[in-house]
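# Notes for the structure review
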Amino acid sequence: TLAVVVIGDVVPMTSEETLYAFGWMVVGVTINAAIIGNVANIVANLESESAEFITKTDEVKQFLHKHHISHDLQQRVDLFMTYLWTAHG
């Protein structure tokens, strides 16, 4: 949301003042929209990277189970993948 702070009763009186005020309002809305858009984009990218990691982890687990890899080794691989995510994710 936008916050409006009004100090006194200052209003534009001429067309030039109105245009000037309108121009700065457009600039403010544009900057606000850019900031909100960038934050939304960052959050979306974090979620897609997380989903990609989960997909890869599931594929590795399926491979290990399909090829009858020991439970101990499966746990070690899972711990290693978790380490990779926390250290480099």
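Residues numbered from 1 in each chain as written. Predicted model: local features only at pLDDT ≥ 70, side-chain atom pairs only at ≥ 80, totals over all residues. Heavy atoms only, no water.

## Some points on the overall build of the chain
Operational definition: Secondary structure elements are taken from DSSP: a helix is a run of H or I of four residues or more, a strand is a run of E of two residues or more, and numbering for both begins at the N terminus. A 1.4 Å probe rolled over the protein chains alone gives each residue an accessible area, and that area as a share of the maximum for its type sets the label: buried under 20%, exposed over 50%, partly exposed in between.
A tally of helices and strands in the chain yields two helices and zero strands. For the chain, buried positions account for 3% of its 89 residues.

## Comments concerning the packing of helix α1 (residues 15-66) against helix α2 (residues 71-88)
The description of two helices packed together rests on the angle between their axes and the distance between the axes. Formally: Geometry is summarised by axes, namely lines fitted to C-alpha atoms with helices restricted to the contacting stretch, and by angles between N-to-C directions that run from 0 to 180 degrees. Convention used here: angles under 35 degrees read as roughly parallel, angles over 145 as roughly antiparallel, angles from 65 to 115 as roughly perpendicular, and any remaining angle as oblique. The crossing is said to be left-handed when, going from far helix to near helix, the turn is anticlockwise and less than a right angle, and right-handed when the turn is clockwise. Throughout, a residue-residue contact means that at least one pair of heavy atoms, one from each residue, lies within 4.5 Å. Under the scheme applied, nonpolar residues are Ala, Val, Leu, Ile, Met, Phe, Trp, Tyr, Cys and Pro; charged residues are Asp, Glu, Lys and Arg; polar residues are all the others, including Gly.
Across the interface, α1 lies against α2 with an axial gap of 11 Å and an inter-helix angle of 165°. One way to sum up the angle between α1 and α2 is to call them roughly antiparallel. In the crossing of α1 with α2, the sense of the turn from one axis to the other is right-handed. Between α1 and α2, the contacting residues are Glu49, Ser50, Phe53, Lys56, Thr57, Val60, Lys61, Leu64 and His65 on the first element and Gln74, Val77, Asp78, Met81, Thr82 and Trp85 on the second. Its residues assigned to classes, the contact of α1 with α2 comprises six nonpolar, five polar and four charged.

## Topic: the pattern of salt bridges
Side chains that differ in charge, positive against negative, can pair when their charged atoms come close. Just so we agree on the cut-off: Between Lys or Arg on one side and Asp or Glu on the other, a salt bridge is scored when a side-chain nitrogen of the former is within 4 Å of a carboxyl oxygen of the latter.
The full count for this structure, using the stated rule, is two salt bridges. A salt bridge links Glu52 to Lys56; the nearest nitrogen and oxygen atoms lie 3.4 Å apart. Within this pair, Glu52 and its partner Lys56 are both found in helix α1, separated by four residues, close to a single helical turn. Judged by relative accessible area, which is 45%, Lys56 ranks as partly exposed. For Lys61, the salt bridge goes to Asp78, with nearest N and O atoms at 3.6 Å.

## A short note on α1
Stated formally: In this analysis, the expected span of each helix is defined as 1.5 Å times one less than the number of residues it contains.
The terminal C-alpha atoms of α1, which comprises 52 residues, lie 75 Å apart, in line with the 76 Å expected from a rise of 1.5 Å per residue. Of the residues trailing α1, His68 is marked for its positive phi of about 55°.

## A word on the side chain of Thr57
Rules: In protein, a polar contact means a hydrogen-donor-capable atom and an acceptor-capable atom, both N or O and within 3.5 Å, with residues adjacent in sequence counting only if both atoms are side-chain atoms; elsewhere, any N or O pair within 3.5 Å suffices.
By the secondary structure assignment, Thr57 is in helix α1. In terms of polar contacts, Thr57 uses its side chain to reach the backbone carbonyl oxygen of Phe53, at 2.9 Å. If we ignore the near neighbours within four places in the chain, the residues touching Thr57 are Asp78 and Met81.

## Thoughts on unusual backbone geometry
Phi is positive for His68, which is not a glycine, with a value near 55°. As for its position among the elements, His68 is in the loop between α1 and α2.

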